[in-house]
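A look at the structure
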Amino acid sequence: MIKHLRSKLVAATVIAAIAFSMSTARAQQKSEIALSRQPGIFYMPSHIMEKLKLIEKHAASLGVTGVTTKWITFSGGGAQTDALLAGGVDILNTGTGNLLLLWDRTRGGVKGIVATSAQPMTLISRDANIKSIRDFGPSDKIAVPTVKVSTQAIVLQIAAAEAFGADQWSKLDANTVQLGHPDAYAALSNPKHEVHNHFSIPPFTFLELKSVPGAHVVLSSPDVMGGPLSQAQFFTTTKFADANPKVIQAVRDATKEAQDLIRSDTKQAVEIYKEITGDKTSVEELLDLLKEPGMMEWNLEPQGTMKFAAHLYKTGTLKNQPKAWTDYYLPVAHDLKGN
């Protein structure tokens, strides 16, 4: 089942990339912009942008009137990348692995705009026998948003290389199964479900640790990466960016305003997040969550992405090695101090 799922994912990505590279149609300036994201508080800047119509606001200030946005939520990054390459959405808000994979497969035809968040990701288990990454057996399934190419799956590979040896980076790939974060939370909450482990993001991290009997931390992304790692960023095709330069600038400006609001009026930001997502977690609990270490990493600059890219190139997932993070980000971000 897992091998079949992985094969389908790789095949779909390759087919979509070929279709993208063969396309000769030029992107046209658009007034309705379709954007995608995944569930979770990682994506709170996008919820604020939707509620306050910040892209529309900043586009108008740049002289582009009549812009509207349509926000679509996908359970994982793989479905988002397929939608981008097929033309179903214009801009994605998802993980570093998907950005790098598409940048590579399209030979630079997909690039980042700005990062949005770099909160910790946490590998959680409800199995008392699993205390470290070394304790996973062949039958211990680990839920990730997209097998092999999601940010969580790749951090797991980096952790495996550190724990078992550089040539063992894929040792736990066969353990991973594809589940969106809400479904993975439901699986952990069900004592009869075969999935006992979830590479989680907030708020699911805190919900699982609070409500799932026996749930405990196995490792976190800052431990593996040596610091914050951008988990969410906006990216798009260079064709769209070239045809819509002021929209791209508006996305950057809107993201900055949303991030500033999270820092200056966190309660309002949380209330907007709850309204847009329907998250039933109380405002007070979410505010407490955002006081946890690493939870206010809302930055435009990409963080930790070159270490990520180096791993993907070394393992053969990327065919091209970027010399700097600016290779896979649009010029609109090049003044930032990313890594």
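The shown structure was predicted, so the numbers you read here are calculated from the model rather than taken from an experiment. (Residues numbered from 1 in each chain as written. Predicted model: local features only at pLDDT ≥ 70, side-chain atom pairs only at ≥ 80, totals over all residues. Heavy atoms only, no water.)

Examining the pattern of salt bridges
Side-chain pairing between opposite charges can occur once the charged atoms of the two side chains come close. Put simply, the test is: By convention in these notes, a salt bridge is any Lys or Arg side-chain nitrogen within 4 Å of a carboxyl oxygen on Asp or Glu. Each helix corresponds to a stretch of at least 4 residues labelled H or I by DSSP, and each strand to a stretch of at least 2 residues labelled E; elements are numbered beginning at the N terminus. The buried label goes to any residue with under 20% of its type's maximum accessible area, the exposed label to any with over 50%, and the partly exposed label to all in between, with areas taken from a 1.4 Å probe on protein chains only.
Summed over the entire model, instances satisfying the criterion amount to ten salt bridges. Measuring nitrogen to oxygen at the nearest pair gives 3.0 Å for the salt bridge that ties Lys 51 to Glu 275. With Lys 51 in helix α2 (residues 44-52) and Glu 275 in helix α12 (residues 266-277), this pair connects stretches of sequence that are 224 residues apart. Classification of Lys 51 by relative accessible area gives partly exposed; the value is 36%. Across the salt bridge formed by Asp 260 and Lys 256, the nearest N and O atoms sit 2.9 Å from each other. With a gap of four residues between them, Asp 260 and Lys 256 both fall in helix α11 (residues 245-264), about one helical turn apart. The exposure class assigned to Asp 260 is partly exposed, which follows from its relative accessible area of 30%. Residues participating in the shared-partner salt-bridge network are Lys 256, Asp 260 and Arg 263.

Things to note about the side chain of Asn 175
This is how the line gets drawn: Polar contacts here mean pairs of N or O atoms no more than 3.5 Å apart (in protein, one a potential hydrogen donor and the other a potential acceptor; neighbouring residues in sequence count only if both atoms are side-chain atoms). We call two residues in contact whenever any of their non-hydrogen atoms come within 4.5 Å of each other.
With respect to the helices, strands and loops of the structure, Asn 175 is situated in the loop between α6 (151-164) and β7 (176-178). Within the local environment of Asn 175, its side chain forms a polar contact with the backbone oxygen of Gly 137, the two atoms lying 2.8 Å apart. Residues contacting Asn 175, with those up to four places away along its chain left out, are Phe 136, Gly 137, Pro 138, Asp 140, Lys 141 and Ile 142.

Observations regarding the pairing of strand β6 (residues 141-144)
In plain terms, the rule: The criterion for strand pairing is that DSSP finds at least two bridges linking the strands in question. The handedness rule is simple: strands pointing away from the viewer, and a clockwise path from the first strand over the helix to the second, make the crossover right-handed.
With three bridges connecting them, β6 and strand β8 (residues 195-200) associate as parallel partners. Across the sheet, Ala 143 pairs through a bridge with His 198, a residue of β8. In this structure, β6 lies alongside β7, joined through three bridges in parallel fashion. Considered in β7, the bridge of Ile 142 is made with Thr 176. Between the parallel pair β6 and β7, the chain is carried across by α6, and the sense of this crossover is right-handed.

Some points on the layout of surface pockets
What counts, and what does not: Points on a 1 Å grid over protein atoms alone make up a cavity when a 1.4 Å probe fits among them but cannot get out, and a pocket when they form an open set with protein on both sides within 12 Å along at least five of seven lines; lining residues each have an atom within 4 Å of a point. Grid points are joined across faces, edges and corners, and a volume is the space filled by probe spheres set on the points. Gly counts as polar in this scheme, as do all residues outside two lists: the nonpolar Ala, Val, Leu, Ile, Met, Phe, Trp, Tyr, Cys and Pro, and the charged Asp, Glu, Lys and Arg.
The volume enclosed by the second largest pocket comes to roughly 230 Å³. As for the second largest pocket, its lining consists of 16 residues, of which Pro 39, Gly 40, Tyr 273, Thr 277 and Asp 279 are closest to the centre. At the level of elements, α8 (204-211) and α12 are the ones that each hand at least two residues to the lining of the second largest pocket. Per-element tally for the lining of the second largest pocket: the top contributor is α12, with three residues. Of the residues in the lining of the second largest pocket, the class split is six nonpolar, seven polar and three charged.

Looking at the sheet that holds strand β10 (residues 232-237)
Spelled out, the test is: The axes are straight lines fitted to the C-alpha atoms, using for helices just the contacting stretch, and the angles between their N-to-C directions are given from 0 to 180°.
Reading across the sheet, the five strands line up as β2-β1-β3-β10-β4 and stay open at both edges, with mixed pairing between neighbours. In this open sheet, the two strands that pair with only one neighbour each are β2 (68-73) and β4 (110-117). Going from strand to strand, the sheet's axes swing by 20° on average, the running direction of each strand aside. Both strand β1 (residues 32-37) and strand β3 (residues 91-94) contribute to a ladder of two bridges, which runs parallel. Bridged to Leu 35 within β3 is Ile 91.

Some points on the domain arrangement of the protein chain
Counted only if it meets this: Note: domain ranges come from an automatic or database domain assignment. Buried area adds together the accessible area that both of two parts lose upon being put together, with accessible area traced by a 1.4 Å probe.
Taken domain by domain, the protein chain holds domain 1 (32-118 + 229-333) and domain 2 (122-225). Taken over C-alpha atoms, the centre of domain 1 sits 24 Å from the centre of domain 2. Residue-level contacts link 31 residues of domain 1 with 23 residues of domain 2. Taken together, the two surfaces of domain 1 and domain 2 that pack against each other cover about 2100 Å², and 70% of this comes from carbon and sulfur. Between Lys 210 and Glu 285 there is a salt bridge, with the nearest N and O atoms lying 2.3 Å from each other. At the junction of domain 1 with domain 2, the criterion picks out six residue pairs in polar contact (both at pLDDT 80 or more). Counting only elements with at least two residues in the side of domain 1 that touches domain 2, the list comes to α4 (77-86), α5 (96-105), α13 (283-289) and α14 (305-314). Across the side of domain 1 that touches domain 2, the residue classes tally to twelve nonpolar, 15 polar and four charged.

What about empty space enclosed by the protein?
Within the structure shown, the criterion is met by one cavity of 30 Å³ or more. Within this model, the largest cavity holds a volume of roughly 50 Å³. Among the residues making up the lining of the largest cavity, the classes are represented as one nonpolar, nine polar and no charged. When residues of the lining of the largest cavity are assigned to domains, at least three fall in each of domain 1 (32-118 + 229-333) and domain 2 (122-225).

Concerning the sheet that holds β6
The five strands are arranged β7-β6-β8-β5-β9 in an open sheet whose pairing can be described as mixed. Every interior strand has two partners, whereas the edge strands, β7 and β9 (216-220), have only one. Averaged over all pairs of adjacent strands, the angle between their axes in this sheet comes to 30°, without regard to strand direction. Both strand β5 (residues 122-125) and β9 contribute to a ladder of four bridges, which runs antiparallel.

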